[in-house]
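So the chains spell out like this:
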Amino acid sequence: MPQPAQRSANTKVMNRFDLTRRLVAKLKRDEAVIGGIGNTNFDLWATGQRPQNFYMLGSMGLACPIALGVALAQPERRVIALEGDGSLLMQLGVLSTIAMLRQKNLGIVIMDNGIYQITGGQPTTSAQTADFVTIAKGSGLSQSAWAADESDFEQLVDRMLASDGPSLIAARIDDKPAVATTERDPVLIRDRFMRGLGVKK
Ligand SMILES: Cc1ncc(C[n+]2csc(CCOP(=O)(O)OP(=O)(O)O)c2C)c(N)n1
């Protein structure tokens, strides 16, 4: 029988929209936030649209790689990737790439509900065996931590925004659906983001 992941011992099950709202409330300037496929994207949208938010559609697993690209292109800008557990599990190699590059301006937030929620709630391995903080640390991301509860999450976000990264926060979340859905117009989303980053007039 697989053993439950270590992290389940002391971490509270929180809510994605609530945590996203707490994170967005802490953004001070022009930080870019990249929402992952589906729910991380939808709840980011629901917290209030910003031109520096990228509401990615369809590209499962690519929130962190896209965030890395933005962070490399604009090293003065702080960039945060919001990603789901199933998506990160598909693209684990990106963690060691980010660690190897020592990407100072990049932070990652993993919303771990232990399921592929948007496609019907099939279990992911993080429900049983995979521990994202252990995986991240093993990939070289030493500044990685589980958020024990909401106030711990806020402190970890403060640290992510104030100090050099790369860093990773993992949060256990419930299976509540996202509170809104993104408009599905990729050209509009891309153009608005490019303007938000100052690379398109
Ligand atoms: C390459 C690829 N495989 C499968 C899908 C279908 N798909 C879209 S979202 C999703 C689940 C995402 O799970 P997770 O990242 O854990 O987010 P959650 O839905 O739990 O919020 C799947 C399987 C896809 N879009 N692309």
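Residues numbered from 1 in each chain as written. Predicted model: local features only at pLDDT ≥ 70, side-chain atom pairs only at ≥ 80, totals over all residues. Heavy atoms only, no water.

J.: How should the packing of helix α3 (residues 63–73) against helix α5 (residues 93–101) be read in this particular structure?
T.: Between two packed helices, both the angle of their axes relative to each other and the distance between the axes serve to describe the pair. Axis separation between α3 and α5 bottoms out at 10 Å; the angle between their running directions is 20 degrees. Accordingly, the angle class assigned to the pair α3 and α5 is roughly parallel. In this structure, the crossing between α3 and α5 has a hand that is left-handed. Together, Cys64, Pro65, Leu68 and Leu72 of α3 and Val94, Thr97, Ile98 and Leu101 of α5 make up the contact between the two elements. (Axes fitted to C-alpha atoms, helices over the stretch in contact; angles between N-to-C directions. Helix = DSSP H or I, 4+ residues; strand = E, 2+ residues; numbered from the N terminus. Parallel < 35°, antiparallel > 145°, perpendicular 65-115°, else oblique. Left-handed = near helix turned anticlockwise from the far one by under 90°. Contact = heavy atoms within 4.5 Å.)

J.: Please clarify how helix α1 (residues 16–25) should be interpreted in this entry.
T.: Structurally, the α-helix is built with 3.6 residues per turn, so residues lying three or four positions apart point the same way. With 7 of 10 residues buried, α1 lies mostly within the body of the structure. What α1 keeps buried is the set Arg16, Phe17, Asp18, Leu19, Thr20, Leu23 and Val24. Its buried side turned inward, α1 meets α2 (39–46), β3 (79–84), β4 (106–112), α7 (150–162) and β8 (167–172). Measuring from the side-chain oxygen of the N-cap residue of α1 to the backbone nitrogen of Phe17 gives 3.1 Å; that N-cap residue is Asn15. (Buried < 20%, exposed > 50% of the residue type's maximum accessible area, 1.4 Å probe, protein only. Polar contact = N/O pair within 3.5 Å; in protein donor to acceptor, adjacent residues only side chain to side chain.)

J.: Can you walk me through the packing of aromatic side chains in this structure?
T.: Describing an aromatic ring pair means giving the distance of the ring centres and the angle of the ring planes. Counted under the stated rule, the structure contains 2 aromatic pairs. Their ring planes at 85 degrees and their centres at 5.1 Å tell us that Trp45 and Tyr55 sit as a pair that is edge-to-face. Residue Trp45 is located in helix α2, and its partner Tyr55 is located in strand β2 (residues 53–55); the two are separated by 10 residues in the primary sequence. Accessibility assignment for this pair places Trp45 and Tyr55 in one class, buried. (Phe/Tyr/Trp six-rings, centres within 6.5 Å; stacked < 30°, edge-to-face > 60°.)

J.: I keep staring at the site of the ligand and nothing clicks. Help me out?
T.: Looking at the ligand, there are 16 residues lining it, with Gly86, Ser87, Ile115, Gln117 and Ile118 nearest. Separating an oxygen atom of the ligand from a side-chain N or O atom of Asp85 is a distance of 2.9 Å. Within the side chain of Ser87, one N or O atom sits 2.6 Å away from an oxygen atom of the ligand. Protein chains shield 72% of the accessible area of the ligand, which is 590 Å² for the free molecule. For the shell around the ligand, the elements supplying multiple residues, two or more each, are α4 (85–89) and β5 (115–116). In terms of residue count, the dominant contributor to the shell around the ligand is α4 (3 residues). (Near = heavy atom within 4 Å. Areas by Shrake-Rupley, 256 points an atom, 1.4 Å probe, with all protein chains shown as cover.)

J.: What am I meant to see in a nonpolar patch on the surface here?
T.: On the surface, a nonpolar cluster with roughly 310 Å² of combined accessible area is contributed by Leu72, Met100 and Leu101. With respect to the element layout, Leu101 can be found in helix α5. Look at Leu101 and you get partly exposed, because its relative accessible area is 38%. (Patch = residues over 30% accessible without salt bridge, like charges linked within 9 Å, V, L, I, M, F, W, Y side chains within 5 Å. Salt bridge = Lys/Arg side-chain N within 4 Å of Asp/Glu carboxyl O.)

All quantities given are derived from atomic positions and should not be read as evidence of function.
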